[in-house]
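Okay, here's what each chain looks like letter by letter:
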Number of protein chains: 2
Amino acid sequence: MKHLLLSAAAALSLAFPLHAQDAAPPPSPGEIVDAAKPDEWVPIAASDLLVMDLAPDANGKARRVVIQLMPAPFSQGWIGNIRKLAAARWWDGTSINRVQDNYVAQWGDATEKKPLPQGLATVPEGDYVQRVPAAEEAQLGRLRLIDAYAEAVDVEGGWPLAQSGDLYWPVHCYGMVGVGRNLSPDTGTGAELYTVIGHAPRHLDRNIALVGRVISGIEHLSSLPRGTGALGFYATEAERVPIASIRIATDLPPAVQPKFEYLSADSASFAKYADARANRRDPFFIKPAGGADICNVPVPVRVRPK
Amino acid sequence: MKHLLLSAAAALSLAFPLHAQDAAPPPSPGEIVDAAKPDEWVPIAASDLLVMDLAPDANGKARRVVIQLMPAPFSQGWIGNIRKLAAARWWDGTSINRVQDNYVAQWGDATEKKPLPQGLATVPEGDYVQRVPAAEEAQLGRLRLIDAYAEAVDVEGGWPLAQSGDLYWPVHCYGMVGVGRNLSPDTGTGAELYTVIGHAPRHLDRNIALVGRVISGIEHLSSLPRGTGALGFYATEAERVPIASIRIATDLPPAVQPKFEYLSADSASFAKYADARANRRDPFFIKPAGGADICNVPVPVRVRPK
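Within every chain, residues take consecutive numbers counted from 1 along the sequence as written. The order in which chains are written sets their letters, starting at A; the order in which ligands are written sets their numbers, starting at 1. This being a predicted model, a pLDDT of at least 70 is required before a residue's local features are given, and a value of 80 or more before pairs of side-chain atoms are given or counted; all residues contribute to the totals for chains, interfaces and linings.

### Digging into the overall build of chain A
Phase 1: A count of helices and strands for chain A gives five helices and 14 strands.
Phase 2: Contact definition: two residues whose C-beta atoms, as placed from backbone geometry, lie within 7 Å. Long-range contacts, defined as pairs at least 24 residues apart, comprise 71% of the intrachain contacts of chain A with a sequence gap of at least 6. Strands are runs of DSSP state E lasting at least two residues, helices are runs of H or I lasting at least four, and both sets are numbered from the N terminus onward.

Here it is, written out as structure tokens:
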């Protein structure tokens, strides 16, 4: 028999158990998500999708990365800038310049001399932490997750959030996208972006603005060669990975606009999914963990079924 | 495993340095490690290093991965098997067969038909959790880290450990190496190994045996193309990455044996480093996190200076 959790043939043997008359084993988190009802999924507006096409790989294969931008009230100053940069086609011809193992992949203008479009906002330090408007305020924590970095954490509106006192902020989980900056907090325009490709660097929370998350194609960034320069920057121009274009999805022809949806955290299936992430009871597992950290309960996202 | 409690006074002096007006900015975690004294570093025995040489990359460049095996009492049944497999040169000509994004890279015999050496042990389920011998028992927790998966976590003897009640176990941080198995807990021999290349999959703790960690060259695994088959297995034989050899370092010629050392968790520099990981005060940071998870306090490891 093949190595089960860890092999393809094993996955098939789970799908077709030898003893079909036995009671069905507890479902895995993935099986719970697959069984969610259509109305438990929330469509993501095409106007909130940033589509990055890298130059084709060495075999001529397309490399598309799709990023969902965060909704208000978070980071809207930077997200406004990002919309302007995409509309100006500013990123076309820039590149992935930094890939640091177990940390981030980062892109933008490697020369740092390309003129920025007119009218980008300077975003103040306070925007790293957002207070949710009073009418929507509630103590986070219905997922009952223990967190090392905040008083409470939860998934709200489709995003992983943390809370201490009356301050809320988005958290640096795998795939989250943030705004590179210099030492001064107001130096990030949104032209320089990164995504997390390793263990959640939660020490960056409240220190760098998060603006979205990669919902498709992160493997085109996470599997790039690591840079050998300081901080994982590529040591030579030849190593940089060219960006063909970055567009808001509504600026693509309607027929090729990507369509995604996420599982509502308010749904019964999400509650079952989160519980199963914290307590694996499917057949491979011996000891359910009895808990999970917020970044181990990623929000399920999928292409919208036709 | 010696247990050295950090005094409250020492913790306070770390948190509130007396001479805040001094010119030099607070050091980063990396600067603290760089300033550690030579006697705060602990040499790693060559007999505890597993050296994996992949086939050279497309540019003819060597790819070496060095793994430190865990000390007793953890997982010694599997580690005995791993020593036998390396001595028999069993892995030579096998391959990396699975790379699943934000999860694991896995290697072994893709055909699962290669005969194993004589005399491998069958390791019982109980060995996934190890009770530390009574004389050395102590409550973990001097790092004061909050954990979502256990009552306490700490770095002891150079390894990240968790504890609930009187049970101790190693944890699945980035780079940790474990033993693939089938559904039955006793089916993992050690011939099929994986390493974590994403956010710590702590739900695997106490469910799969951990046997070591990658201390050098993990980028040769983490940057490999992701497999497109189920669970990230490579869909075709051509995609697999050949393993030239795996050896215990003492079986390599003395002149080319790798020499590494780790920063003792009992050292003053480690205490300062761990505090700085939880509370970044170096100039880039606006808000120190006020905490860290165990996998965000990785044990510093370096090549031994000549």
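### Side note on the interface of chain A and chain B
Phase 1: With 47 residues of chain A at the interface, the matching set in chain B holds 51 residues.
Phase 2: Listing elements by their share of the side of chain A that touches chain B, those giving two or more residues are α1 (8–15) and α4 (219–222) of chain A.
Phase 3: Amino acids are sorted into nonpolar (Ala, Val, Leu, Ile, Met, Phe, Trp, Tyr, Cys and Pro), charged (Asp, Glu, Lys and Arg) and polar (every other residue, Gly among them). By residue class, the composition of the side of chain A that touches chain B is 24 nonpolar, 11 polar and 12 charged.

### Some points on the pairing of strand β5 (residues 104–108) of chain A
Remember that side chains alternate between the two faces of the sheet whenever the strand is regular.
All names here are of chain A.
Phase 1: In terms of burial, β5 is largely enclosed, as five of its five residues are buried.
Phase 2: The criterion for strand pairing is that DSSP finds at least two bridges linking the strands in question. Here four bridges tie strand β4 (residues 95–99) to β5, and the two strands are oriented antiparallel to one another. Among the inter-strand pairings, V99 is bridged to a residue of β5, identified as A105.
Phase 3: From the end of β4 to the start of β5, which pair antiparallel, there are four residues, and N102 there has a positive phi angle of about 55 degrees. Each residue is classified by how many other C-beta atoms fall within 10 Å of its C-beta atom, where C-beta atoms are placed from the backbone; a count of 20 or more means buried, 12 or fewer means exposed, and values in between mean partly exposed.

### Notes on helix α3 (residues 76–87) of chain B
All names here are of chain B.
Phase 1: What a helix is expected to span follows from its residue count: subtract one and scale by 1.5 Å. With 12 residues, α3 ought to run about 16 Å at 1.5 Å a step, and its terminal C-alpha atoms sit 16 Å apart, in line with that.
Phase 2: Of all the positions in α3, only W78, I79, N81, I82, L85 and A86 are classed as buried. On an axial view of α3, the arc spanned by its buried residues comes to 155 degrees, and they lie on one face.
Phase 3: Among the structural elements, β2 (49–54), β3 (63–69), β9 (176–179), β11 (210–216) and β12 (241–248) are those in contact with the buried residues of α3.
Phase 4: R89, located one to two residues past α3, shows a positive phi value of around 55 degrees. The arc in question is formed by the directions pointing from the helix axis toward the C-beta atoms.

### Observations regarding the sheet that holds strand β7 (residues 159–164) of chain B
Residues and elements named next belong to chain B.
Phase 1: Pairing is antiparallel across the open sheet formed by three strands, whose spatial order is β6-β7-β8. The sheet is open, and its two borders are formed by β6 (152–156) and β8 (167–170), each paired with just one other strand. Strand-to-strand, the axes of this sheet are offset by a mean angle of 30 degrees, without reference to chain direction.
Phase 2: Both β7 and β8 contribute to a ladder of four bridges, which runs antiparallel. Paired with Q163 across the two strands is Y168, which belongs to β8. Lines are fitted to the C-alpha atoms to define the axes, a helix being fitted only along its stretch in contact, and any angle between axes, read from their N-to-C directions, falls within 0 to 180 degrees.

### Looking at the sheet that holds strand β14 (residues 301–303) of chain A
Residue and element names in this part refer to chain A.
Phase 1: Reading across the sheet, the three strands line up as β1-β13-β14 and stay open at both edges, with antiparallel pairing between neighbours. On the outer flanks of this sheet lie β1 (41–44) and β14, each paired with one strand and no other. Strand-to-strand, the axes of this sheet are offset by a mean angle of 35 degrees, without reference to chain direction.
Phase 2: Taken together, the three bridges between strand β13 (residues 260–263) and β14 define a ladder with antiparallel strand orientation.

### Quick look at the relation of the copies chain A and chain B
Phase 1: For the pair chain A and chain B, the superposition axis carries a translation of 0.0 Å, the fit reaches an RMSD of 0.1 Å, and the rotation angle comes to 180 degrees. Expressed as a symmetry operation, the mapping of one chain copy onto the other fits a two-fold axis.
Phase 2: Of the interface residues in chain A, 83% have counterparts in chain B that sit at the interface too, so the contact is made through matching surfaces. Least squares is used to superpose the copies, and the fit set is the C-alpha atoms of residues whose pLDDT is at least 70 in both copies.

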